[in-house]
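Structural description and commentary
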Amino acid sequence: MNVIRFTVNPKLPRSLQPLSELAHNLWVSWNYDAVALFTRLDYDVWLESRQNPVQTLAMVSQQRLKELASDDSYLAALNSVYQKFTRYRDGETWYKDGGKDVVAYFSMEYGMDVSLPIYSGGLGLLSGDHMKTASDLGLPLVGVGLLYRQGYFQQYLNADGFQQESYPENDWYSMPVQRCRDKSGQDIRISVQIGNSLVIARVWRVNVGRLALYLLDTNIEDNAPELRTITASLYGGTKDTRIRQEILLGVGGIRALRALGINPAVTHMNEGHSAFLGIERIRELVEQHTLSVHQAIEALKPSNIFTTHTPVPAGNERFSVELIHNYIDSLIAGTGLSREGFMALGRENPADHLEHFCMTVLALKLSAYNNGVSRLHGQISRNMWNTIWPGLPQDEVPISSITNGVHVRSYAAQDIVDLLDRYFGPRFVDEPTNLDVWNRMDRITDEELWRAHERCKSRLVAFARQRLRSQLERRGIIGNQLLQATEALSPTTLTISFARRFATYKRGALLFHDPERLMRLLLDPQRPVQLIFAGKAHPHDLAGKNLIKEIVHFANKPEVRSKIVFLENYDIAMAKQLVSGSDLWLNTPRRPLEASGTSGMKAAVNGVLNCSVLDGWWAEAYAPQVGWAIGNGEEYDDPEMQDEIESKALYDLLEREIIPGFYNRGQDGLPREWIALMKASMQQIGRQFSSYRMLVEYAERFYFPALNNYAAVSRNRFARAREVSDYLQRVQHAWGDVSVRAVVRPDSAGLHVGDTISVDATVRLGTLKPEEVLVELYYGSVSSQSEIVNPQRTAMEPVEHNDGVHHYRGQITCSAAGRQGYTVRVIPQHRSLVHPFQPGLIAWG
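For clarity, every value in this text was computed on a predicted model and none was experimentally measured.

Digging into the environment of Val-743
Position of Val-743 relative to the elements: it lies in strand E21 (residues 739-744). Overall, the relative accessible area of 26% leaves Val-743 in the partly exposed class. Counting along the chain gives 19 residues from Val-743 to Thr-762, while the straight-line C-alpha distance between them is 6.4 Å. Not counting chain neighbours up to four residues away, the residues in contact with Val-743 comprise Val-759, Asp-760, Ala-761, Tyr-822 and Val-824.

Side note on the pairing of strand E18 (residues 584-587)
Residues Leu-584 and Leu-586 point to one face of E18 and Trp-585 and Asn-587 to the other, with burial holding for every one of them. Here strand E15 (residues 494-499) runs beside E18; their pairing, made up of two bridges, is parallel. Note on E18: the bridge partner recorded for Ile-496 is Leu-584. As paired elements, E18 and strand E19 (residues 609-613) share four bridges and run parallel to each other. The residue bridging Leu-586 from the neighbouring strand is Cys-611, located in E19. On the question of chirality, the crossover connecting E18 to the parallel E19 by way of helix H25 (residues 599-604) is right-handed.

Some details on the pattern of salt bridges
For the structure on display, the rule yields 57 salt bridges. As a salt-bridge pair, Asp-446 and Lys-679 come within 2.8 Å of each other at their nearest N and O atoms. Here the residue Asp-446 occupies a position in helix H20 (residues 446-474), and Lys-679 occupies one in helix H28 (residues 672-688), the gap between them amounting to 233 residues. Pair check on accessibility: Asp-446 and Lys-679 agree, each one buried. Among the charged side chains, a salt-bridge network with shared partners connects Arg-179, Arg-181, Asp-187, Arg-189, Arg-202, Asp-217 and Asp-222.

Overview of the environment of Leu-567
Structurally, Leu-567 can be placed in strand E17 (residues 564-567). With residues near it in sequence (within four places) discarded, Leu-567 still touches Gln-155, Phe-463, Ala-464, Arg-467, Gln-471, Ile-532, Phe-533, Ala-534, Gly-535 and Met-574.

Side note on the sheet that holds strand E27 (residues 820-828)
Consider a sheet: its strands pair through backbone hydrogen bonds, and that pairing is either parallel or antiparallel. If you walk across this open sheet you meet the four strands as E24-E23-E27-E28, and the pairing is antiparallel. The open sheet is flanked by strand E24 (788-795) and strand E28 (843-844), the only strands paired with a single partner. One ladder, built from two bridges, connects E27 with E28; its direction is antiparallel. Bridge pairing in E28 links Arg-825 to Trp-844.

Re the side chain of Glu-772
Considering the arrangement of structural elements, one finds Glu-772 in the loop between strand E22 (756-764) and strand E23 (773-782). Overall, the relative accessible area of 10% leaves Glu-772 in the buried class. In this structure Glu-772 touches Tyr-727, Arg-730, Pro-828 and Gln-829, once residues within four positions along its chain are discounted.

Some thoughts on the pairing of strand E25 (residues 797-802)
Taking burial as the measure, the six residues of E25 include zero buried ones, a minor fraction of the element. Looking at chain direction, E25 and strand E26 (residues 805-813) are connected through five bridges and run antiparallel. Bridge assignment links Asn-802 to a residue of E26, and that residue is Val-805. Connecting E25 to the next strand, E26, in antiparallel fashion are two residues, including Asp-803 with a positive phi near 55 degrees.

Points about the side chain of Asn-25
Locating Asn-25 in the fold gives a position in the loop between helix H1 (18-23) and helix H2 (32-41). Exposure remark for Asn-25: the relative accessible area of 7% places this residue in the buried category. From its side chain, Asn-25 meets the backbone nitrogen of Trp-27 in a polar contact 2.9 Å long. Of note is the side chain of Asn-25, whose polar atom sits 2.7 Å from the backbone nitrogen of Gly-209. Those residues in contact with Asn-25 that lie beyond four places of it in its chain are Phe-85, Asn-207, Val-208 and Gly-209.

Thresholds applied
Residues numbered from 1 in each chain as written. Predicted model: local features only at pLDDT ≥ 70, side-chain atom pairs only at ≥ 80, totals over all residues. Heavy atoms only, no water. Helix = DSSP H or I, 4+ residues; strand = E, 2+ residues; numbered from the N terminus. Buried < 20%, exposed > 50% of the residue type's maximum accessible area, 1.4 Å probe, protein only. Contact = heavy atoms within 4.5 Å. Pairing = 2+ DSSP bridges. Right-handed = clockwise from strand over helix to strand, strands pointing away. Salt bridge = Lys/Arg side-chain N within 4 Å of Asp/Glu carboxyl O. Polar contact = N/O pair within 3.5 Å; in protein donor to acceptor, adjacent residues only side chain to side chain.

What follows is the structure, given as structure tokens:
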């Protein structure tokens, strides 16, 4: 059947025309007065559209639009919001040095609003907050991703509580995305050779405030049916589907930006899925600037940034040798890379020809800037990937950390935002990087904060009851049990929420470890507790699905049916209700498997207190005045023992501190001590874990230096990259002859703090010159394992040389008492290296 397709747009009266522009910009999603414009059109339609402004405009009747076109109240609100939007769009920003070069931010998923369902969980929500915050700050950044026609799956539970999945199709013509077209009105398309197939992708644009997110879509008639499914669903399909998606994201993403006339001077890979972009950038440099492959790599690295999110080796994307070989020739075409050279870039041990190809390793090897997403995760990552830099102390592995943060206006409830705007003043909006305004939390009265929280909680209870009733109706339940849904939960009871991905390491059922003890908490007539659970298990994660089933079975017991609910199909809309209306946010991961986590931050800025294992972000945020810690940061080899110990610790906290603290009320009915915790939590976490702090760190530590590096490296036909490449090849060829032959041990008897020691060393450099290396004294306190801890480094100076053997001298100042030690090492040194640590290039005394 030949179907001729066309698109019909809503016919907006002239006075309502700004609604179309607003509907197609996700700025609306973090501005409540803008959202109110669409709910006022028709609230039932707003809900039916799944809170999608574009779909709402399409569904509202022309009669209703005609009425509002002459409604002075509505028009006044529209004009006020539109003026606010244009001031935002065109106004001054924190970043003022505009230029043609941009940072291209690549992510497999983006969670910005419920109206754009191309996210699954924390990685996507972080990407969304990253984009929104970059827009607020005016950073020169664009986003790149894939447009999944089914997004992530929709979750529902069967009668036995077992998770089922459905994959509804997204209608992009009724969502806040628009096709990118050239000057002649034709779609902008790019092509990528993926294995034996030439894949065509169409480019779409999402407006995110001042910025643009570009998404690739293979669901077009130019592609064969099996190629159209490449962008069918997020994290779906086989390993073969995944590698095709990742080639499209990395290689196709760079080509899409080129087709749009955008120069991705700096690329930021949010997780390793997009690491093939490095291969495409190498190809461009080789083909367009006649660089060798080694020179191209050295031109690429200073402007390439990688953020890892995974704290366990098994969680990193790896492809078998057999699978990667199906795509290797098309990937390396035009790059100058050999098959062996390409595979070495993705292996921790390049000599191991059986090792799988790892996208994280590829990203680390092609980036000068690497980071984890919390302090603890940075430590874990340095330990996990230490083998890439053999001989380098773990603390010096070039993976730093930038702790995640949250975009407050996206997740703070309207009642909370109104309070913050009123008491923090205009700087809260006009100067987003001025985080000291959070110190004004004490200006908010206890009564106002508690009443705002009560309103949020009442809305959560109403939301949960409606969701629960819909779930039961879908399962065909009628009668008393359906009526009980309208009585589930209480707006006055201590409400504990656990909402996140149901992976087994997150231990969603830890609270059920001692059912009898939990029952006593739930059924206490004087100080009852109620629980809300939400979250999806991956479709292939049977253990995660069974955790959900276990919780649902417990919640179906008649005596607690009104005390525990599991809400299906956790998404951004539900998250906003939960993080604002709960009293306590529970998080129970197995340390150290939580890289960061951000849901607790979102809860905290709403005044919801955290109770969590000391993992991820909470390991650096926790203090007794802002919440509760389960344990003291212990790690266990025995999971059963860990569950036993930490579940008891959780019950103890609930019984002895949390529940009494919540129900301890004064004569005015206010829990003053609890409110004090709320204020302290909002003040500390709002200031310390804001996405503005996060983006300023990325900008100052990575983006600005990388943009400067790009400008410097690309000058004079990439002369600096050619120079660095020649230098490193020379060093690698000569390194076998580099050694520390002798260290003269001075008399160290009778030393005191403040004394100095002069150390001489004999170093063989072979054909290298002294200015091409850095010879260092590496010294500090010595542990019981004879390791130097908290080391210091100081350069040694050459004093004489003879036939490739050089004598160096340096001094140590004894700054601390106790057992001390030192050694000597040699590392490369070149003015254009971002850091001196190159895999395999270190020699120790």
